[in-house]
Amino acid sequence: MALLVGDLVPLLDAYAAACVRSDGEMRLALADAILQGLSADPELLLTRLDLLGPSTMIEDLFVDRAQAGAERDVAQKVEDLQKAGEDRKPEDICSEILASALVQQLEAAGVDCADEMEKAIDDADEFDLDVQTVDVSGNTATATVKRGDDGPTETMEFARENDQWRATSLSG
């Protein structure tokens, strides 16, 4: 049964989400389905590779590499936050994860960033952060993050700062 191009859109969306989550098994399954849907003759992909050339790589066909890279970088920053919390490293959160403007806002309010992050770590009962989606728009991004297995879903905001993604808010 042949698929219409429009039928591939949900598969492509699911593939992008699997990339953000670094879910290799799901990514491979979806790539297989997408590639099969691209050909009216699935055997063509197996027997006539000479016709496809470099287009056999799903990323070359569908993923804007800069966008995908930015989404991965934002997701990695969320993982860095999780690790810094688990390792009880409030200084790392202030120097490696938070945007300098956010740190300056805390300082302007008379609050030491590391002290505030240490309090947040002490208050946390769950450090597991599961990135659900990442949306990048130029130099800003939002990540929808679920806390723990049964925890709330929150939105984190990010901005590019010195060629790195930094959190401008941790939830909202």
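Our structure's up above, just so we're on the same page.
This section reports on the structure supplied with the text. Here the structure is a predicted model, which is why all the values come from computation and not from measurement.

What counts and how
Residues numbered from 1 in each chain as written. Predicted model: local features only at pLDDT ≥ 70, side-chain atom pairs only at ≥ 80, totals over all residues. Heavy atoms only, no water. Core = buried A, V, L, I, M, F, W, Y, C linked by side-chain atoms within 4.5 Å. Buried < 20%, exposed > 50% of the residue type's maximum accessible area, 1.4 Å probe, protein only. Helix = DSSP H or I, 4+ residues; strand = E, 2+ residues; numbered from the N terminus. Contact = heavy atoms within 4.5 Å. Axes fitted to C-alpha atoms, helices over the stretch in contact; angles between N-to-C directions. Parallel < 35°, antiparallel > 145°, perpendicular 65-115°, else oblique. Left-handed = near helix turned anticlockwise from the far one by under 90°. Nonpolar A, V, L, I, M, F, W, Y, C, P; charged D, E, K, R; others polar. Salt bridge = Lys/Arg side-chain N within 4 Å of Asp/Glu carboxyl O. Arc of directions from axis to C-beta.

Another aspect to go through is the nonpolar core. Among soluble globular proteins, nonpolar side chains are generally buried collectively. Membership of the largest hydrophobic core comes to 29 residues, with the highest contact counts inside it found for V78, I93, L98, V134 and F158. Elements represented by at least two residues in this core include exactly α6 (65-86), α7 (90-97), α8 (100-108), α9 (113-123), β1 (129-137), β2 (140-147), β3 (153-161) and β4 (164-169). Tallying contributions element by element places α6 first for this core, with six residues. Dropping the residues within four chain positions of it, I93 is found in contact with L81, A84, G85, L98, M117 and I121. Residues Y15, A18, A31 and I34 belong to the second largest nonpolar core, which totals six residues.

Before going further, it helps to spend a moment on the packing of α7 against α9. Put simply, α7 and α9 touch, their axes get as near as 7 Å, and they point 120 degrees apart. With respect to each other, α7 and α9 are oriented oblique. The hand of the α7/α9 crossing is right-handed. Between α7 and α9, the residues in contact are P90, E91, I93 and C94 and C113, A114, M117, E118 and I121, respectively. Of the residues that constitute the contact of α7 with α9, the class distribution is seven nonpolar, no polar and two charged.

Okay, the pattern of salt bridges next. Two side chains carrying opposite charge are able to pair once their charged atoms lie near each other. Under the counting rule described, the total for this entry stands at six salt bridges. R147 is the salt-bridge partner of E154, the closest N and O atoms lying 2.7 Å from each other. Owing to a relative accessible area of 28%, R147 belongs among the partly exposed residues under this scheme.

Every buried residue belonging to α7 is among P90, I93, C94 and I97, and all of these are buried. Looking straight down α7, one finds that the buried residues subtend no more than 120 degrees of arc, so they occupy a single side.

Looking now at the environment of A84. Considering the arrangement of structural elements, one finds A84 in helix α6. Among the residues examined, A84 registers a relative accessible area of 5% and is labelled buried. With 12 residues separating them in the primary sequence, A84 and E96 have C-alpha atoms 9.6 Å apart.

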